[in-house]
Protein chains: 2
Amino acid sequence: MPTEEGPISPAELRRRIRANEWTGPLPSPRTVGAAPADSRAYAKMNLVVLPLAVAFDFVLFCQRNARAYAIADITEPGSPVPRLLAPDADVRTDLPRYRVFSRGSIIDEPHDINAYWHADSVAFLIGSSSCFDWALRTAGVQYETLGAYETALPCLPSRCFAGNMVVTARRFASSQDAVRAIQISSRHPAFHGAPVHMGPAQAIGIADLAKPDYPLGTMPAQTASDDTHTLYWGCGILSASLTGSAQIEQLITHYPGRLMVTDRLIAEMAVF
Amino acid sequence: MPTEEGPISPAELRRRIRANEWTGPLPSPRTVGAAPADSRAYAKMNLVVLPLAVAFDFVLFCQRNARAYAIADITEPGSPVPRLLAPDADVRTDLPRYRVFSRGSIIDEPHDINAYWHADSVAFLIGSSSCFDWALRTAGVQYETLGAYETALPCLPSRCFAGNMVVTARRFASSQDAVRAIQISSRHPAFHGAPVHMGPAQAIGIADLAKPDYPLGTMPAQTASDDTHTLYWGCGILSASLTGSAQIEQLITHYPGRLMVTDRLIAEMAVF
């Protein structure tokens, strides 16, 4: 769609998603927003919806593990409006697809969650790696995303939530690219901030980088050269090891790749 | 004390406070920590203790107004341990003095809050301007702190909490000092981040800069020159206009100037 008619605004994209005219993965940042598209790329967000009864526990967990789960907005209980990020949006309808869990099992993957929304529902909008990748690419950093992995790095637990960190791994073409990536990611704490590890994958419990637990993009064809560097960032995927989710009557997330586009520019959310 | 015997560790300072051997304002950052004192200055924190029933509302309020209230740690309900900032500390005893409010009125100003601590008490540790001032001074920025002021800038409300922003005003000796202050504060989102206003005080509802609502430090004797600039940052003081606090059975804060010293370096908490 966007390639045919040029960039569209976040509000217009959300309107089409709400009307079920757009149900696939979001278009790339380059195609959402006014020209020049690259500098008007809008932040996209992961979604987690929980009952108010465990909302504080989840806030605690995210606050303690902010490199994976940086909360950018929290709705009032019962209100579907993410006021800070998109005051005319509705988190129940404005993502292309959702996943509904009950006590840890997927029970539905609908295109809206009106039927699952309750007076005590609270939505958390959490920074996505797609924004971080945009920042790296915009700066001309050369790298490939290897995938996302379950690790042996424990998250700091909070009440009913505990588990290991999920990380995304990126292989950089040179020392200079890796250094630049550390600088750029540090400016973006809303989208994971600085890396949590650099060096051997085994040191954080990843057995084989060629076998990601959550494949993202394409695996690199070439082998590593002497000056490639692999860096690891916290990731917003709720780990399969996460306790707590199994005890929750209803937990809703976005369907993988089907995020919410906001009215905030990625560049605007940088520290400076 | 510290001037006589040299720098002491945060843990030792907290131990003395706990033993009521130190009840005054905290020593300056330069005198807490190992040499070289300047580079080992430790972060200090504002404290707010609330019942769990309103903890989520307060998180919402802080998250929406993070330039005033950046939460650096939240204790488990009932636990007095700020795990992220000082895992061997106890927020009930490790600040020199407290203020206990009941429905908006001060009812006690004790040296510990053991008698007021309940199984549902939650403590919030909130970044303090004292750290931010350390960062500015360490960089050699020339300025004077004018004080803290109630403004007409509304905070974003959340549930039972609403009110106007309190700001601290600083007058910088030159354009270059003001520019440097914006750069440095941007690196420190844990301590208010970038300024919220620059220019005339009247534009944000401050009638007279010479009459701060909350005096801090000393007022400058000289008048402003052509190249002085006044900048305003969000402030962690709970505004007198804050609704919500009046409805809360018990709210505890630190006594002004009696903060909690943490094990985290101020420099370590910078974005980079």
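Residues numbered from 1 in each chain as written. Chains lettered and ligands numbered in written order. Predicted model: local features only at pLDDT ≥ 70, side-chain atom pairs only at ≥ 80, totals over all residues. Heavy atoms only, no water.

Trainee: Report on the overall build of chain A, specifying residues and quantitative values.
Mentor: If you tally the helices and strands in chain A, you get five helices and eleven strands. Its C-alpha atoms give chain A a radius of gyration of 18 Å, near enough to 19 Å, the size a compact globule of 272 residues would have. In terms of principal-axis extent, the alpha carbons of chain A reach across some 55 × 45 × 30 Å. Counting the 272 residues in chain A, one finds 56% classified as buried. In chain A, once contacts between residues fewer than 6 apart in sequence are set aside, the share between residues at least 24 apart is 77%. For chain A, the exposed surface amounts to about 10800 Å²; the carbon and sulfur share of it is 53%. Across chain A, the centroid of the 23 positively charged side chains sits 3 Å from that of the 26 negatively charged ones. (Helix = DSSP H or I, 4+ residues; strand = E, 2+ residues; numbered from the N terminus. Rg over C-alpha atoms; globule rule 2.2 N^0.38 Å. Buried < 20%, exposed > 50% of the residue type's maximum accessible area, 1.4 Å probe, protein only. Contact = heavy atoms within 4.5 Å. Areas by Shrake-Rupley, 256 points an atom, 1.4 Å probe, with all protein chains shown as cover. Lys, Arg positive; Asp, Glu negative; His and termini not counted. Charge placed at Lys NZ, Arg CZ, Asp CG, Glu CD.)

Trainee: Account for the interface of chain A and chain B, with residues named and values stated.
Mentor: Chain A puts 26 residues into the contact, and the matching count from chain B is 26 residues. Both sides of the chain A and chain B interface together cover about 2300 Å² of buried area, and 65% of this is carbon and sulfur. Among the residues chain A hides against chain B, the three largest losses belong to Phe56, Gln63 and Arg64 of chain A. Together they make up 27% of the total. At the junction of chain A and chain B, the tally comes to two salt bridges. Note that Glu76 of chain A and Arg64 of chain B form a salt bridge whose closest N and O atoms lie 2.7 Å from each other. (Buried area = accessible area lost by both parts, 1.4 Å probe. Salt bridge = Lys/Arg side-chain N within 4 Å of Asp/Glu carboxyl O.)

Trainee: For helix H2 (residues 10-18) of chain A, give the residues involved together with the corresponding values.
Mentor: Two residues of an α-helix separated by three or four positions point the same way, owing to the 3.6 residues in each turn. All names here are of chain A. Those residues of H2 lying buried are Pro10, Leu13, Arg14, Arg16 and Ile17. Angular distribution of buried residues about the axis of H2 spans 160 degrees; they occupy a single face of the element. Immediately downstream of H2, the backbone of Asn20 shows phi near 60 degrees, a positive value. (Arc of directions from axis to C-beta.)

Trainee: Lay out the sheet that holds strand S8 (residues 197-198) of chain B with the relevant residues and their values.
Mentor: Residues and elements named next belong to chain B. Pairing is antiparallel in the open sheet, where four strands are placed in the order S6-S7-S9-S8. Lying at the two open borders of the sheet, with one neighbouring strand each, are strand S6 (143-154) and S8. Relative to strand S9 (residues 229-234), strand S7 (residues 164-172) is paired through six bridges, and the arrangement is antiparallel. Paired with Val167 across the two strands is Gly234, which belongs to S9. Each of S6, S7 and S9 touches helix H4 (residues 129-138); the most contacted strand, S7, lies at about 20 degrees to it. In this fold helix H5 (residues 175-186) packs onto S7, S8 and S9, with an angle of close to 15 degrees to the strand it touches most, S9. (Pairing = 2+ DSSP bridges. Axes fitted to C-alpha atoms, helices over the stretch in contact; angles between N-to-C directions.)

Trainee: Got a sec to walk through the pattern of salt bridges? Specific residues and values, please.
Mentor: Where charged atoms from two side chains of opposite charge come close, those side chains can pair. Here the structure, examined in full by the defined rule, presents 28 salt bridges over all chains. Residue Asp263 of chain A pairs with Arg14 of chain A through a salt bridge whose shortest N-O separation is 3.0 Å. Remark: Arg14 of chain A occurs in helix H2 and Asp263 of chain A occurs in strand S11 (residues 260-265); sequence separation between them is 249 residues. Judged by relative accessible area, Asp263 of chain A falls into the partly exposed class, the value being 32%. On the accessibility criterion, Arg14 of chain A (1% relative accessible area) is buried. In this structure, Asp133 of chain B engages Arg170 of chain B in a salt bridge whose closest nitrogen and oxygen atoms are separated by 2.9 Å. On the criterion of sequence distance, the pair formed by Asp133 of chain B in helix H4 and Arg170 of chain B in strand S7 is long-range, its members being 37 residues apart. For the residue pair Asp133 of chain B and Arg170 of chain B, the accessibility class agrees, reading buried in each case. Ionic contacts of the salt-bridge type, sharing partners, join the residues Glu12, Arg15, Arg16 and Glu21 of chain A into one network.

Trainee: Outline the nonpolar core, supporting the account with residue identities and numerical values.
Mentor: Soluble globular proteins: nonpolar side chains tend toward being buried together. Counting residues in hydrophobic clusters, the biggest one holds 66 residues, and the most contacted among them are Leu50, Phe56 and Phe124 of chain A together with Leu50, Phe56 and Phe124 of chain B. Other than its neighbours up to four places away in sequence, Phe56 of chain A contacts Leu52, Ala55, Phe56, Val59, Ile74, Pro77, Val122 and Phe124 of chain B. (Core = buried A, V, L, I, M, F, W, Y, C linked by side-chain atoms within 4.5 Å.)

Trainee: Can you tell me about the packing of helix H3 (residues 52-64) of chain A against helix H3 (residues 52-64) of chain B, naming the residues and giving the values?
Mentor: Relative to each other, H3 of chain A and H3 of chain B sit at 65 degrees, their axes nearing to 10 Å. Remark: the crossing between H3 of chain A and H3 of chain B carries left-handed chirality. Counting all contacts with H3 of chain A, which are made through Leu52, Ala55, Phe56 and Val59 of chain A, the residues of H3 of chain B involved are Leu52, Ala55, Phe56 and Val59 of chain B. Among the residues forming the contact of H3 of chain A with H3 of chain B, the class breakdown is eight nonpolar, no polar and no charged. (Left-handed = near helix turned anticlockwise from the far one by under 90°. Nonpolar A, V, L, I, M, F, W, Y, C, P; charged D, E, K, R; others polar.)

Trainee: For the state of the cysteines, give the residues involved together with the corresponding values.
Mentor: Tallied over the entire structure, the rule returns zero disulfides over all chains. The cysteine Cys160 of chain A is free of any disulfide, with Cys62 of chain A supplying the nearest cysteine sulfur at 11 Å. (Disulfide = S-S within 2.5 Å.)

Trainee: Give a detailed account of unusual backbone geometry, specifying residues and quantitative values.
Mentor: All names here are of chain B. We note that Asn20 has phi near 60 degrees; this positive angle belongs to a residue other than glycine. Mapped onto the fold, Asn20 is located in the loop between helix H2 (10-18) and strand S1 (42-51). Positive phi outside glycine occurs at Arg159, with the angle close to 50 degrees. Topologically, Arg159 is positioned in the loop between S6 and S7. Taking the relative accessible area as the measure of exposure, Arg159 reaches 42% and is therefore partly exposed.

Trainee: I'd love a proper account of the relation of the copies chain A and chain B, names of residues and values included.
Mentor: Mapping chain A onto chain B leaves a residual RMSD of 0.0 Å; the transformation is a rotation of 180 degrees accompanied by 0.0 Å of translation along its axis. Taken together, these values place the two copies in the relation of a two-fold axis. When each C-alpha of chain A is compared by its distance to the rotation axis, Phe56 of chain A comes out closest, at 2.7 Å. Interface overlap between copies is the fraction of interface residues in one copy that are interface residues in the other; for chain A against chain B it reaches 100%, indicating a shared surface. (Least-squares fit on C-alpha atoms with pLDDT ≥ 70 in both.)

Trainee: Lay out the packing of aromatic side chains in plain terms, naming residues and giving numbers.
Mentor: All names here are of chain A. A full pass over the atoms with the stated rule returns 15 aromatic pairs over all chains. Among the aromatic residues, those joined into a cluster by ring pairs are Phe58, Phe61, Tyr69, Phe124 and Phe161. Taking the ring centre of Tyr255 as reference, the NZ or CZ of Arg97 above it sits at 4.7 Å. (Phe/Tyr/Trp six-rings, centres within 6.5 Å; stacked < 30°, edge-to-face > 60°. Lys NZ or Arg CZ within 6 Å of the ring centre and 35° of its normal.)

Trainee: Account for the sheet that holds strand S6 (residues 143-154) of chain A, naming residues and giving values.
Mentor: All names here are of chain A. As summarised here, the arrangement of the four strands in space is S6-S7-S9-S8, forming an open sheet in which the pairing is antiparallel. If you trace the sheet from one side to the other, it starts and ends with S6 and strand S8 (197-198), each paired once. In this sheet, strand S7 (residues 164-172) lies alongside S6 in antiparallel orientation, the contact comprising eight bridges. In the sheet register, Tyr149 faces S7, and the bridge partner there is Val167. Running over the sheet, helix H4 (residues 129-138) touches S6, S7 and strand S9 (229-234) and is turned about 20 degrees from S7. Against the sheet, helix H5 (residues 175-186) touches S7, S8 and S9, its axis set at about 15 degrees to S9.

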